[in-house]
Amino acid sequence: MRSQLFLFDTMSGRKEIFRPLRPPEVTMFVCGPTVQSRMHLGHARTYVFYDAMARYLGHLGYDVSFLMNITDVDETITRAARRESADPLAFSRLMTSLFLEDLRRLKVTTVTRFEPVSRHIGEMVAQIQSLLEKGYAYRAGGWVYFDTSKFRRWGRLSHQSSRDLSLRPLELSPAKRNLTDFGLWRPEELVKGRWRSPFGPGSPGWHIQDTAVTLPIFGPQYDIHGGAYELIYPHHEAEIAQAESITGVRPLVRYWVHTGLLNMEGHKMSKSLGNVVTVDEALKAYSADELRFHFLSVRHRKEMDLSGLGAAQRRLREMRSAARRLARSERSDGHSLGPFESALNDDFDSPRAIGWAARTLAAAAKEDDPARSSKLAWAGVRAMSILGVDLLVEP
Ligand SMILES: [Zn+2]
């Protein structure tokens, strides 16, 4: 019998048995990009991880509805478009198509539905109105703010006390009632004359964009919410506050799964530090499989460094050369993937799972019986293919 899948849940702070709401369906939402520039490898790590996870859930027999939003309305996009003397909408459409292309090149193929948030402005306005009617939001100087003092569970996901929270004020403004209140609607028009609302012309805040996409599609509860660790506060905290205040149903999300940073020689890869490597640049020197292999060779919750990429490339080459040499004859499913599955069932321990595939290929190389050797080699090939890494391609 197959062991049970456990996932580390940021909300509870421990590994939990994975029980989806409506098996075999699994509903999974992952925060998509703000399409202001080409995708960099820090984002790629996150998307590759959730893609591998969705592939593994599929392998376990689940039917994964994988939803990703695309933030195509944001002041950073408007600013980037202005720098290029481009129309913000045309610019964000172009960046969206480049983002989708980069995902395809990384073999991130499991997302079942992409939703550009600009198509959901009406839903955002309706949700903000509902929050106003229920007393969770208030209007101030053209803005609409969420009143965090009205939401008892504010700070629960990030495990912060009210004292911790008071040290991390959001969006400084004298019009706000509490330091941690966040904007739902802002009076600035990101695209001139574009969005009207009962609260005046303007544009939606970032956090309401996610609930505007998930509530109509998944309803008031879904299984997995993914994204990078840095999004926990305030972004994911705000999503919980908005959705649970609107629907009265909790929890919004059954499993909060977060991924660690990708560093570049010890520093966070970020636009502001100027040490960004885009996916487009990286794919000129490395294959998608090599990038995937490197990302998955470290536990998803840990920080990792790009500097190990060369070593990952060599390790993958060794596994590939063994696989091509030894996976003879017909594809064979005879050898159990039990230890590989056990590793992934333990909060998706992909380094341990890859280690098993590598050892299985090494054992295949030592095996004298060709049939047995081929069977072992095929097990390694099958295991890696579940993670979206192909061992049988020509180098
Ligand atoms: Zn998000």
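Look up: the structure comes first, before these words.
Residues numbered from 1 in each chain as written. Predicted model: local features only at pLDDT ≥ 70, side-chain atom pairs only at ≥ 80, totals over all residues. Heavy atoms only, no water.

Caption draft 1: Structural view of the overall build of the protein. The secondary structure content of the protein amounts to 13 helices and 14 strands. Its C-alpha atoms give the protein a radius of gyration of 23 Å, near enough to 21 Å, the size a compact globule of 395 residues would have. Referenced to the eigenvectors of the C-alpha coordinate spread, the extents of the protein come out at roughly 80 × 50 × 35 Å. For the protein, the proportion of its 395 residues judged to be buried stands at 56%. In the protein, the proportion of contacts linking residues at least 24 apart, taken out of those at least 6 apart, comes to 76%. Put simply, the protein shows about 17100 Å² of open surface, and 50% of that area lies on carbon and sulfur atoms. Averaged over its 54 positive side-chain charges, the protein has a centre that lies 2 Å from the centre of its 46 negative ones. (Helix = DSSP H or I, 4+ residues; strand = E, 2+ residues; numbered from the N terminus. Rg over C-alpha atoms; globule rule 2.2 N^0.38 Å. Buried < 20%, exposed > 50% of the residue type's maximum accessible area, 1.4 Å probe, protein only. Contact = heavy atoms within 4.5 Å. Areas by Shrake-Rupley, 256 points an atom, 1.4 Å probe, with all protein chains shown as cover. Lys, Arg positive; Asp, Glu negative; His and termini not counted. Charge placed at Lys NZ, Arg CZ, Asp CG, Glu CD.)

Caption draft 2: Seen up close, the sheet that holds strand E12 (residues 262–264). Here three strands make up an open sheet; going across it, the order is E13-E12-E14 and the pairing mixed. Single-partner strands in this sheet number two, and they are strand E13 (267–268) and strand E14 (304–305). Both E12 and E13 contribute to a ladder of two bridges, which runs antiparallel. When the bridges of E13 are listed, Met264 appears paired with His267. (Pairing = 2+ DSSP bridges.)

Caption draft 3: Quick look at the coordination of the zinc ion. Protein coordination at the zinc ion comes from Cys31 (SG), Asp210 (OD) and His235 (NE2), with a distance range of 2.1 Å. Positions of the donor residues of the zinc ion, expressed as sequence spacing, correspond to C-x178-D-x24-H. With Asp210 in helix H6 (residues 207–218) and His235 in helix H7 (residues 232–247), this pair connects stretches of sequence that are 25 residues apart. You'll find Asp210 and His235 in the same group, each marked buried. (Donors = N, O, S within 2.8 Å, 3.2 Å for Na, K, Ca; no water.)

Caption draft 4: Inspection of H7 at higher detail. Compared with the 22 Å implied by 1.5 Å per residue over 16 residues, the 21 Å span of H7 between its first and last C-alpha is a close match. Judged by how many residues are buried, H7 sits mostly within the fold: 15 of 16 residues are covered. Gly248 sits one or two positions beyond H7 and adopts a positive phi of about 75 degrees. (Expected span 1.5 Å × (residues − 1).)

Caption draft 5: Here's a closer look at the sheet that holds strand E7 (residues 143–146). With antiparallel pairing, four strands are arranged side by side in an open sheet as E6-E7-E8-E9. A strand with exactly one partner marks an edge of an open sheet, and here the two such strands are strand E6 (137–140) and strand E9 (203–204).

Caption draft 6: Region of interest: the nonpolar core. Leu41 and Ile224 are the most contacted members of the largest nonpolar core, which totals 81 residues. The dominant element in this core, judged by the number of residues it contributes, is helix H1 (residues 41–59), at 11 residues. The residues contacting Leu41, other than those within four sequence positions of it, are Leu262, Met269, Val277, Thr278, Val279, Ala282, Leu291, Phe295 and Leu306. Judged by nonpolar contacts, the second largest core, of 41 residues, contains Leu67, Met124, Leu170 and Val213. (Core = buried A, V, L, I, M, F, W, Y, C linked by side-chain atoms within 4.5 Å.)

Caption draft 7: Geometry of helix H13 (residues 370–386). End to end, H13 covers 24 Å across 17 residues, agreeing with the expected 24 Å (1.5 Å per residue, within 8%). In terms of burial, H13 is a largely internal element, 12 of the 17 residues being buried. For H13, the set of buried residues is Ser373, Ser374, Leu376, Ala377, Trp378, Ala379, Gly380, Val381, Arg382, Ala383, Met384 and Ile386. The positive-phi residue at the C-terminal boundary of H13 is Gly388, with phi of around 80 degrees.

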